[in-house]
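Summary of the model geometry
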Amino acid sequence: MKTQKILLWLIMAFVVIDFASYFMPALKGVNAGGNGAGVWLFKMGKIACSFTVGWCIFRLRQLYLQHQFFTEKATLFLRWVAYLVIGIAIVGSFEYAFRQLQSIEGLYTGRIPSSVAWPVAVRAFFAHFLVHEPIPIFLGLCMLLVTDFVQKAIVVKSENESFI
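What you see is a predicted model, and the numbers here were worked out from it, not measured in a lab.

1. Overview of the overall build of the protein chain
- Scanning the protein chain from terminus to terminus reveals five helices and zero strands.
- In the protein chain, the order of α-helices and β-strands from amino to carboxyl end is α-α-α-α-α.
- For the protein chain, the C-alpha radius of gyration of 20 Å lies well beyond 15 Å, the compact-globule estimate for 164 residues.
- Overall, the C-alpha framework of the protein chain stretches about 75 × 30 × 20 Å when taken along its three principal axes.
- Taken across its 164 residues, the protein chain has 34% of its residues classed as buried.
- Across the protein chain, the fraction of contacts at a sequence separation of at least 24, relative to all contacts at a separation of at least 6, is 74%.
- When the accessible surface of the protein chain is split by element, carbon and sulfur atoms take 71% of a total near 10,700 Å².
- Charge centroids of the protein chain, computed over 14 positive and 8 negative side chains, lie 8 Å from each other.

Written out as structure tokens, the structure reads:
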């Protein structure tokens, strides 16, 4: 158990260091504007979602150690983890789409025409979402399935306790 706690805090520390290392470049990118701002905003959003997933897993572990079984509150944290992991996949795809727009920004003077920007952004989003993000999507869907299973197990446990 002590190894799990150390490993969890080590991972959380790396996420915080990652957030801190991108914070100043993100502020500069947002101040510069353009598609670079979108890249940095979505990158920071992805890191914030990752930190929130870690915090939810930490709370889930605390609840489990406290009660020795899952409760309704634990299912809330499980559901949040599932949604946040799927959110990380979506935010990562948006970040990639803005990165593609940023790469073609140099071809145009001024702003990218909307007739070019939308198809590039949509294609980049779906290409990244379907090719590079299936594992987080699969993990999120599995977590939703586990959450449903845990909710049903809680109902059965409460029915057994009321019967006894």
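2. Observations concerning the nonpolar core
- If you look at the biggest cluster of nonpolar residues, it comprises 16 residues, and the most contacted ones within it are V53 and V81.
- Of all the secondary-structure elements, those providing two or more residues to this core are α2 (35–67), α3 (72–104) and α5 (134–163).
- Considering every element that reaches this core, the biggest residue donor is α3, with eight residues.
- Excluding residues within four positions of it along the chain, V53 makes contact with V81, L84, V85 and I88.
- Counting residues in hydrophobic clusters, the runner-up holds six residues, among them A97, F125, F129 and I137.

3. Describing the pattern of salt bridges
- If you walk through the whole model with that rule in mind, you get four salt bridges.
- A salt bridge links K43 to E95, with the nearest nitrogen and oxygen atoms 3.0 Å apart. In this pair, K43 sits in helix α2 while E95 sits in helix α3, placing the two residues 52 residues apart along the sequence. Of the two residues, K43 and E95, neither departs from the other in class, the shared state being buried.
- E95 serves as the salt-bridge partner of K46, at 3.6 Å between the closest nitrogen and oxygen. Here the residue K46 occupies a position in helix α2, and E95 occupies one in helix α3, the gap between them amounting to 49 residues.
- Of the residues examined, K46 reaches a relative accessible area of 28% and is grouped as partly exposed.
- Assessed through its relative accessible area of 3%, E95 is described here as buried.
- Here the salt bridges do not stand alone but share partners, grouping K43, K46, E95 and R99 into one network.

4. A short note on the packing of aromatic side chains
- Counted by the stated rule, this structure contains eight aromatic pairs.
- Here the aromatic rings of F94 and F125 are separated by 4.7 Å at their centres, their planes lie at 40°, and the arrangement is tilted. Of this pair, F94 sits in helix α3 while F125 sits in helix α4 (residues 114–131), and the two are 31 residues apart along the sequence.
- Overall, F125 belongs to the buried group, its relative accessible area being 13%.

The rules behind these values
Residues numbered from 1 in each chain as written. Predicted model: local features only at pLDDT ≥ 70, side-chain atom pairs only at ≥ 80, totals over all residues. Heavy atoms only, no water. Helix = DSSP H or I, 4+ residues; strand = E, 2+ residues; numbered from the N terminus. Rg over C-alpha atoms; globule rule 2.2 N^0.38 Å. Buried < 20%, exposed > 50% of the residue type's maximum accessible area, 1.4 Å probe, protein only. Contact = heavy atoms within 4.5 Å. Areas by Shrake-Rupley, 256 points an atom, 1.4 Å probe, with all protein chains shown as cover. Lys, Arg positive; Asp, Glu negative; His and termini not counted. Charge placed at Lys NZ, Arg CZ, Asp CG, Glu CD. Core = buried A, V, L, I, M, F, W, Y, C linked by side-chain atoms within 4.5 Å. Salt bridge = Lys/Arg side-chain N within 4 Å of Asp/Glu carboxyl O. Phe/Tyr/Trp six-rings, centres within 6.5 Å; stacked < 30°, edge-to-face > 60°.

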